Amino acid sequence: EGEEMEIRKTAVGGVMSEGMFCDSRMLGWGSGSSGIAAQVPDSFEVGSAPPTSKPGSPPTASSESAIPAVEVKPLFEKKLTKEEKKKLAEERKAARKAAKEAKKAAES
């Protein structure tokens, strides 16, 4: 259906990437929603060809609760707008001023 593509380890925006998310249609499964990442079993070998057909249904809520939550950090930091930078600078300045006043009050 689509063009064949080999996924390789490469730098994306200065950060190393070892793969990509694919939806059902990108994998040639025919069914499934476009734009929703496909789920493959944990037994799936990284680097091997994708399964020829869509694997069984996704895990149920009871089995998901057994998997510990993992904090996922974004690949890129959001750049602040000028307004956000000004607000952050004002907050830092106010915090320094409050700390300075608290220190003066403690010394008195």
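Residues numbered from 1 in each chain as written. Predicted model: local features only at pLDDT ≥ 70, side-chain atom pairs only at ≥ 80, totals over all residues. Heavy atoms only, no water.

S.K.: Quick question: what am I supposed to make of the environment of Phe76 here?
M.R.: For Phe76, the location among the structural elements is in the loop between α1 (61-65) and α2 (82-107). Relative accessible area serves as the criterion here: at 42%, Phe76 is assigned to the partly exposed category. Between the C-alpha atoms of Phe76 and Gly14, which are 62 residues apart in sequence, the distance is 9.2 Å. When near neighbours in sequence (up to four residues on either side) are disregarded, Phe76 contacts Val12, Gly13 and Val15. (Helix = DSSP H or I, 4+ residues; strand = E, 2+ residues; numbered from the N terminus. Buried < 20%, exposed > 50% of the residue type's maximum accessible area, 1.4 Å probe, protein only. Contact = heavy atoms within 4.5 Å.)

S.K.: What's the story with α2 in this structure? I'm lost.
M.R.: The end-to-end C-alpha separation of α2 is 38 Å, in line with the 38 Å expected for 26 residues at 1.5 Å each. Taken across its 26 residues, α2 has zero buried, putting it largely on the surface. (Expected span 1.5 Å × (residues − 1).)

S.K.: Could you clarify how one ought to interpret the environment of Pro51 in this entry?
M.R.: Within the fold, Pro51 resides in the loop between β2 (15-17) and α1. Taking the relative accessible area as the measure of exposure, Pro51 reaches 25% and is therefore partly exposed. A C-alpha to C-alpha distance of 8.3 Å links Pro51 and Val40, two positions 11 residues apart in sequence.

S.K.: Sorry, what's going on with the environment of Leu27 here?
M.R.: With respect to the helices and strands, the residue Leu27 is situated in the loop between β2 and α1. Judged by relative accessible area, which is 22%, Leu27 ranks as partly exposed. Each C-alpha atom, one on Leu27 and one on Thr52, is 8.1 Å from the other, the two residues being 25 residues apart in sequence. Once residues within four sequence positions are removed from consideration, Leu27 is found in contact with Cys22, Ala38 and Pro50.

S.K.: When you look at a positive patch on the surface in this model, what are you seeing that I'm missing?
M.R.: Together, Lys79, Lys82, Lys85 and Lys86 give the surface a local cluster of positive charge. By the element assignment, Lys79 lies in the loop between α1 and α2. On the basis of relative accessibility, which here comes to 74%, the residue Lys79 falls in the exposed class. (Patch = residues over 30% accessible without salt bridge, like charges linked within 9 Å, V, L, I, M, F, W, Y side chains within 5 Å. Areas by Shrake-Rupley, 256 points an atom, 1.4 Å probe, with all protein chains shown as cover. Salt bridge = Lys/Arg side-chain N within 4 Å of Asp/Glu carboxyl O. Lys, Arg positive; Asp, Glu negative; His and termini not counted. Charge placed at Lys NZ, Arg CZ, Asp CG, Glu CD.)

S.K.: Before we go on, may I ask you to explain a nonpolar patch on the surface in this structure?
M.R.: A cluster of nonpolar side chains, Met5, Ile7, Met20 and Met26, forms an exposed patch at the surface whose accessible area comes to about 400 Å². With respect to the element layout, Met20 can be found in the loop between β2 and α1.

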